[in-house]
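Each chain is listed here by its residues.
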Amino acid sequence: MTLISFVVPAYRVQGYLRECLDSILGQPETGIEVIGVDDCSPDGSGEILAEYAARDPRTHALRLPENVGLGPARNAGLDRATGEYVWFVDGDDWLAPDCLTEVAERLRAARPDVLVVDHVRAWWSGSATRSGMLDVFPEPPGAETFRLRERPETVHLLHTAWNKVLRRGFLLDHGLRFAPGWYEDVSFTYPALVLAERIGVLDRVCVNYRQRRAGAITRTRGDRHFEVFTQWHRVFQRLDEWGPAVDHVRPVLFERMIWHYLTVLGNGERIAPELRPRFFAQITADHARWRPPQGYPVPGGVEGLKHRLVAEGRWRTFSALRTAYQAREVAERRARRAAPVVRRSARLARNTALRGYYQAELRRPVDPTLAVYAAYWYRGYACNPAAIHEAARRLAPDVRGVWIVRRDRASAMPDGVEYVVAGTPAEYRVLARARWLVNNVNFPDYVRKRPGTVHVQTHHGTPVKVMGLDQQRYPLGAVGMDFTGLLRRVDRWDYSITSNSFSTQMWERAYPAAYTTLEVGYPRNDRLVTATAGDVLRIRAELGFGIGEQVVLYAPTHREHLPGFRPPFDPDRLLAALGPTGRLLMRSHYFQDRERRGLRAVTRERVRDVSAHPRVEDLYLAADVLVTDYSSAMFDYAVLDRPIVVYAPDWEAYRLARGVYFDVTAEPPGAVATDFTALLDVFRSGAVRSPEAEEARRRFRDRFCRLDDGNAAERVVRRVFLGEPPEPVPAC
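Basis of the calculations
- Residues numbered from 1 in each chain as written.
- Predicted model: local features only at pLDDT ≥ 70, side-chain atom pairs only at ≥ 80, totals over all residues.
- Heavy atoms only, no water.
- Pairing = 2+ DSSP bridges.
- Helix = DSSP H or I, 4+ residues; strand = E, 2+ residues; numbered from the N terminus.
- Axes fitted to C-alpha atoms, helices over the stretch in contact; angles between N-to-C directions.
- Salt bridge = Lys/Arg side-chain N within 4 Å of Asp/Glu carboxyl O.
- Buried < 20%, exposed > 50% of the residue type's maximum accessible area, 1.4 Å probe, protein only.
- Phe/Tyr/Trp six-rings, centres within 6.5 Å; stacked < 30°, edge-to-face > 60°.
- Lys NZ or Arg CZ within 6 Å of the ring centre and 35° of its normal.
- Core = buried A, V, L, I, M, F, W, Y, C linked by side-chain atoms within 4.5 Å.
- Parallel < 35°, antiparallel > 145°, perpendicular 65-115°, else oblique.
- Contact = heavy atoms within 4.5 Å.
- Nonpolar A, V, L, I, M, F, W, Y, C, P; charged D, E, K, R; others polar.
- Expected span 1.5 Å × (residues − 1).
- Arc of directions from axis to C-beta.

Draft legend 1. Expanded view of the sheet that holds strand 19 (residues 607-609). Spatial strand order, 19-18-17-20-21-22: six strands in an open sheet with parallel pairing. Either end of the sheet is taken by a strand with one partner, and the two such strands are strand 19 and strand 22 (671-673). Here the strands of the sheet are splayed against their neighbours by 20 degrees on average, with no regard to which way each runs. Bridge count for strand 17 (residues 550-554) against strand 20 (residues 625-628) is three bridges, and the pairing is parallel.

Right, here's the structure in full:
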């Protein structure tokens, strides 16, 4: 029998949904089912639910024909539930590991109508703040259950549905369902608490309540926040229907209602200044309409003063006090920041002259024809920016493209490509005046986002390892990272280029901001699609390889947490396994030139060190087989539909220390070897081209390479430079 049915509504949560589902399905308790409800989401949430349903029989995907909102979506999931209990978990939150063991034990032992569990607020900065459970229950209630009249302080726990596990029969018996609109938890949770005969409290953190930097309703301004009144009206209308039997809960619920209204009003990210007088007036009206005849527990101090001003309708006094309080907070904040600002100013003084020149250039008009390109921290002409630049020269010839490159890379720039050297006045000038700025990493912190300019972040790979804010959970791989500074840079982005829906989902989570995602394929992979057989033969000849030779490219990734680490790899033994026609290309990660470490194999017969080769796409075209570990190279090379071998000798250590988004050994693009002997066997046995490897590559390509059709760069240029509208999104 199913003990718990998890109902997971999904709308624009593609960046977080996998973590949510994994946190549920990975629990040790087996008596569960997951009902994922795709609320006609315009992103990849529905695809993710379908994917999980296809591989785990405990998961069921339900797609709604139109967007109905969180409350009705939960109702749709409730209608499909079969478990004894129902747990509504939002698609951007996740469960704590192993929490379900204690939850299940409590449910089976106490049989509550409602079990309230603890949670933490998990902030995008990586920090977490505890809930108010300890304040409400200084002494945990333990295994006992109670009615609300016996412990009325329970209403001060957060009123959301996701921190409560509810008996399904109890919900059905009382017809408890979610109302439409925002703040839908209010009109569901409080009636449930009032009606419950057995309420339990588990003081165990079970839910990580994600505080999103972008995309959350609580961070969205608008008049829809007035719907909080409608939801509270529903609560008190039901109290009226139930009559004197529930009069004992009116005072505590009334106090909670006024607290909630004031919380919404006080949040500047929800109620715009011009709407606040009207919102305050509605609070006053509700205070007069619903105030219990016997009174209610008015809080003390400043909160009590707010209640009195609401009762008297004194908006001007309320607003003046709020302004004075905010001014005091600003003054205190500035005082706390004074010391760091002084230190930061000292560092900036070293570059006063160039920064002064940059500031002067910022006062000049934006050049409407100038596009600035860069790649890999000014390492040269490469990657997605290079492909976009080439397409822009063809499709938007009026746009002048200028590259920023390091001095030691300037000589390698292609003929006819205009560039400036990093660290010179020319760099600061073009950065200040460009209309378009295109990079596969971030431009320096001092670069300002000017009105009318467009910043394009192309990225430089589909992520295997965790990136951005997600690295906060894996500090070994994030030494020295300034996450606050990272978010300032991310906020400059207007567009984020992605090659597949998986990348879109992960970037949305790792880099939360208000940019527009262009899920169009990777421009740098266009060349892999459009290259001819003649191109391949020419590149192989330039590298010294003939037609009948088997060329293997070995390209491992960088291990930030293990500087200088090199996976065990013996070129001579691999060549012996390949046979007399075998040839080997060895390429270190681009970070290695910074550290003066890497493969650096001595170039000799049958082996070439191609770490310094300017275009990795040439190497992909030349190679018959790719051997890699956790590098994004596998996604690009898969476009060619050639054999790939995942060589992962340190997979478990890498996964735990650096963090990964998915298991390349469980969902590989081909054969897998976890030690060097196994790698040799892959080639000796022919497993590199076995039917199993071919099928794995087919699944991998279907998931990650569908958009790479040779036209990605053109799609970017038409949208970004020519201003053409996006393709229409199909209706549900």
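What follows picks up the thread again.
Draft legend 2. Structural context of the pattern of salt bridges. The tally for this structure, following the rule as stated, stands at 54 salt bridges. Arg213 serves as the salt-bridge partner of Asp491, at 2.3 Å between the closest nitrogen and oxygen. Of the two residues, Asp491 sits in the loop between helix 16 (483-490) and strand 15 (495-498) while Arg213 sits in the loop between strand 9 (199-211) and helix 8 (227-242), which places them 278 residues apart along the sequence. For Asp491, a relative accessible area of 44% gives the class partly exposed. One continuous salt-bridge network, built from bridges that share partners, spans Arg18, Glu51, Arg55, Glu667 and Arg703.

Draft legend 3. The packing of aromatic side chains, seen in detail. Across all of its chains, the model carries 40 aromatic pairs by this definition. Between Phe137 and Phe146 the ring centres are 6.3 Å apart and the planes differ by 50 degrees, which places this aromatic pair in the tilted class. With respect to burial, Phe137 and Phe146 carry one shared label: buried. Note on Tyr358 and Tyr446: the rings are 5.3 Å apart at their centroids and 80 degrees apart in plane angle, and the pair reads as edge-to-face. Of the two residues, Tyr358 is situated in helix 13 (residues 352-362) and Tyr446 in the loop between strand 13 (434-439) and strand 14 (454-457); the sequence distance between them amounts to 88 residues. Judged by its relative accessible area of 1%, Tyr358 falls in the buried class. These aromatic residues form a ring-pair network of at least three members: Phe502, Phe635, Phe662, Phe700 and Phe704. In this arrangement the basic side chain of Arg55 is found over the ring face of Tyr52, its NZ or CZ atom lying 4.1 Å from the centre. The aromatic ring of Phe226 is capped on one face by Arg278, whose charged end is 4.3 Å from the ring centroid.

Draft legend 4. Spatial organisation of the nonpolar core. If you look at the biggest cluster of nonpolar residues, it comprises 67 residues, and the most contacted ones within it are Phe88, Trp232, Phe236, Leu253, Phe279 and Ile283. Among the nonpolar cores identified, the runner-up in size contains 54 residues, and Phe483, Ala510, Tyr511 and Tyr515 belong to it.

Draft legend 5. Expanded view of unusual backbone geometry. A positive phi angle is found at Tyr183, which is not glycine, with a value near 60 degrees. Within the secondary structure, Tyr183 is located in the loop between helix 6 (168-174) and helix 7 (184-195). The backbone phi angle of His459 is positive, close to 60 degrees, even though this residue is not glycine. Overall, the relative accessible area of 4% leaves His459 in the buried class.

Draft legend 6. Inspection of the packing of helix 8 against helix 10 (residues 276-290) at higher detail. Taken N-terminus to C-terminus, the directions of helix 8 and helix 10 make an angle of 5 degrees; their axes are 12 Å apart at the nearest point. With respect to helix 10, the element helix 8 is oriented roughly parallel. Residue-level contacts link Val228, Phe229, His233, Phe236, Gln237 and Asp240 of helix 8 to Phe279, Gln282, Ile283, Asp286, Arg289 and Trp290 of helix 10. For the contact of helix 8 with helix 10, the per-class residue count stands at six nonpolar, three polar and three charged.

Draft legend 7. Looking closely at the sheet that holds strand 11 (residues 400-405). Strand order in this open sheet of seven strands is 12-11-10-13-14-15-16, and the pairing throughout is parallel. Looking at which strands have only one partner, the edges of the open sheet turn out to be strand 12 (418-421) and strand 16 (516-519). In this sheet, neighbouring strand axes are inclined to one another by 25 degrees on average, regardless of whether the strands run parallel or antiparallel. Pairing analysis gives four bridges linking strand 13 to strand 14, with the strands arranged parallel. Within strand 14, the position partnered with Asn439 by the bridge is Gln457. Helix-sheet contacts for helix 14 (residues 383-395) involve strand 10 (367-374), strand 11 and strand 13, and the interaxial angle to strand 10 is about 145 degrees.

Draft legend 8. Structural detail: the environment of Pro728. Within the secondary structure, Pro728 is located in the segment after helix 27 (712-720). The exposure class of Pro728 is exposed, given its relative accessible area of 75%. Expressed as a C-alpha distance, the spacing of Pro728 and Ala53, which sit 675 residues apart in the sequence, is 28 Å.

Draft legend 9. The arrangement of helix 26 (residues 691-704) in detail. Across its 14 residues, helix 26 extends 20 Å between first and last C-alpha, which sits within 8% of the 20 Å expected from 1.5 Å per residue. Where helix 26 is concerned, the buried positions are Ala693, Ala696, Arg697, Phe700, Arg703 and Phe704. Mapping the buried residues of helix 26 onto a view down its axis gives an arc of 125 degrees, with all of them on the same face. Each element contacted by the buried residues of helix 26 is listed here: helix 1 (17-25), helix 2 (45-55), helix 17 (501-510), helix 23 (633-637) and strand 22.

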